[in-house]
Amino acid sequence: MPIPTIEWVDGRIHLIDQTLLPNEFKQIYCDDVESVWEAIKSLRVRGAPAIGIAGALGAVLGIWKSTELKKVTDYLATSRPTAVNLFWALTRIEQTGVLLDEAQNIIEEDRARCRAIGQHGLNLLRNGDTILTHCNAGGLATSDYGTALAVMFSAHESGKNISVYADETRPLLQGARLTAWELMQAGIDVTLICDNMAAQVMKEGKIQCAIVGADRIAANGDTANKIGTYNVAILAKVHDIPFYVAAPTSTLDLSLKTGDLIPIEQRAAEEVTEGFGSRTAPEGVKVYSPAFDVTPAHLITAIITEKGIAHPPYEESLASQGD
Ligand code: MRU
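Residues numbered from 1 in each chain as written. Predicted model: local features only at pLDDT ≥ 70, side-chain atom pairs only at ≥ 80, totals over all residues. Heavy atoms only, no water.

## Topic: the sheet that holds strand 2 (residues 12-16)
With respect to topology, 3 strands assemble into an open sheet ordered 1-2-3, the strand pairing being antiparallel. Strand pairing shows two members of the sheet lacking a second neighbour, strand 1 (6-9) and strand 3 (27-30), which therefore form its edges. Looking at each pair of strands side by side, their axes are set apart by 30 degrees on average, direction ignored. Bridging between strand 2 and strand 3 involves 4 bridges; their strand directions are antiparallel. In the sheet register, L15 faces strand 3, and the bridge partner there is I28. Across the face of the sheet, helix 2 (residues 48-64) comes into contact with strand 1, strand 2 and strand 3 while running at roughly 30 degrees to strand 1. (Pairing = 2+ DSSP bridges. Helix = DSSP H or I, 4+ residues; strand = E, 2+ residues; numbered from the N terminus. Axes fitted to C-alpha atoms, helices over the stretch in contact; angles between N-to-C directions. Contact = heavy atoms within 4.5 Å.)

Set out below in structure tokens:
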């Protein structure tokens, strides 16, 4: 990132407003907890680790105007339900005496975790591979460098010649707007496809593996990620293509036995019917818009964390990786 995705500067939060990308690269400033809540809710800051960081820094702002930390963290916890990193970060903040120091620790740790994910994942890629990814699990979704994209950045930096197909990711186009932008900035060959083109691209033999991020991973390896990820996993299985999840251990929720217990965020109908200003569906049509889906563990070839590469059975391999 030319500037950090999110940072604390002189008593306020600076963050890249991701709703404006790729047309405008602009920072916004939050100096109260309400504006942080709004930034998370409206996806100005998004991606599981980045949401966690925003929550932690938001709590620092919130406590300046409140005497009750729990009230502040409970409020921030209502912004988005699926990414466990938010609740993980808020719990860390609740348990510390020095809020800002702990928030900065979370940022620094996340940087290190993303780099380590890149280093571990790099070994799964061969020279000449083409990878399919969905949504955005890059530097914009973390403190820096990303998770799924970290693997691609590391492979590229180590001299491997890789290419990427990026799903556009309906309805809010994180793949088109953010992933394509990040990969192009890094000089990685990227081709944008609509979500419904993935099967054909795989059938044509263009893809050697899929790598995606995660919002919450249950103890058995079931993984919640952006809606459409499950489709990619099914397609990968049918075409005998490895399907990898890359995520820091702060995304593990070992308290949940299976992915059926992961809360799935529902988003507003307008994001589907008039997402970017122009109406694309009849007035009054019924809309169902889950923002995430859960990929069953049996479709996941391996999970890459900062601690290494976890293979099935995930009940065992993830248990030893708990944060
Ligand atoms: O709704 P979003 O844009 O916050 O969804 C983001 C994703 O699904 C990412 O893949 C996930 O958070 C991993 S980010 C490293």
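## Observations concerning empty space enclosed by the protein
Throughout the structure, instances matching the rule amount to 3 cavities of 30 Å³ or more. Space inside the largest cavity adds up to approximately 190 Å³. As for the largest cavity, its lining consists of 24 residues, and the residues nearest its centre are R46, G47, A48, N136 and D215. Of all elements in the fold, only helix 2 and strand 9 (223-226) reach the threshold of two or more residues within the lining of the largest cavity. One number sums up the size of the second largest cavity: a volume of about 70 Å³. Looking at the lining of the second largest cavity, its residues break down into 5 nonpolar, 2 polar and 5 charged. (1 Å grid on protein atoms, 1.4 Å probe; cavity = no way out; pocket = protein on both sides within 12 Å on 5 of 7 lines; lining within 4 Å. Points joined across faces, edges and corners; volume = space filled by probe spheres on them. Nonpolar A, V, L, I, M, F, W, Y, C, P; charged D, E, K, R; others polar.)

## Remarks on the site of the ligand
Around the ligand, 17 residues are found, and the nearest of them are R46, A48, R80, N225 and K226. Side-chain polar atom of K226 to an oxygen atom of the ligand: 2.8 Å apart, as the coordinates give it. With respect to the detected pockets, the ligand is housed in the largest cavity. Counted by class, the shell around the ligand contains 7 nonpolar, 6 polar and 4 charged residues. (Near = heavy atom within 4 Å. Polar contact = N/O pair within 3.5 Å; in protein donor to acceptor, adjacent residues only side chain to side chain. Sits in = over half its atoms within 2 Å of the grid points.)

## Section: the UniProt feature "active site" (unreviewed entry) in the chain
The UniProt entry lists D215 under the feature "active site" (unreviewed entry), expressed in the numbering used here. Residue placement: D215 occurs in the loop between strand 7 (209-212) and strand 8 (216-218). Using a relative accessible area of 7% as the deciding quantity, one classes D215 as buried. Ignoring any residue separated from it by four or fewer positions in sequence, one finds D215 in contact with A48, T82, A83, V84, N85, A224, N225, K226, T251 and F292. (UniProt positions renumbered as here; feature names shortened; annotations may be inferred. Buried < 20%, exposed > 50% of the residue type's maximum accessible area, 1.4 Å probe, protein only.)

## Looking at the packing of helix 4 (residues 84-94) against helix 5 (residues 99-122)
Packed helix pairs are characterised by how far apart their axes lie and by the angle those axes make with each other. Close contact between helix 4 and helix 5 brings their axes to 9 Å; oriented N to C, the two are set at 140 degrees. As judged from the angle between their axes, helix 4 and helix 5 are oblique. Classified by chirality, the crossing of helix 5 by helix 4 is right-handed. Across the interface between the two elements, W88, A89, R92 and I93 of helix 4 pack against L99, E102, A103, N105, I106, E109 and R113 of helix 5. Along the lines of polarity and charge, the residues of the contact of helix 4 with helix 5 split into 6 nonpolar, 1 polar and 4 charged. (Parallel < 35°, antiparallel > 145°, perpendicular 65-115°, else oblique. Left-handed = near helix turned anticlockwise from the far one by under 90°.)

## Some remarks on the layout of surface pockets
Quantified by volume, the largest pocket comes out at close to 230 Å³. In terms of lining, the largest pocket is formed by 14 residues, of which the most central are R170, D195, I227, G228 and N231. When residues of the lining of the largest pocket are assigned to their parent elements, the largest contribution, 3 residues, is made by helix 9 (residues 229-238). Here the residues of the lining of the largest pocket sort into 7 nonpolar, 4 polar and 3 charged.

## Notes on helix 4
In terms of burial, helix 4 is largely enclosed, as 8 of its 11 residues are buried. Three or more residues of helix 4 are buried, namely V84, N85, L86, W88, A89, L90, R92 and I93. Buried residues in helix 4 make contact with helix 2, helix 3 (69-77), helix 5, strand 8 and strand 11 (252-253).

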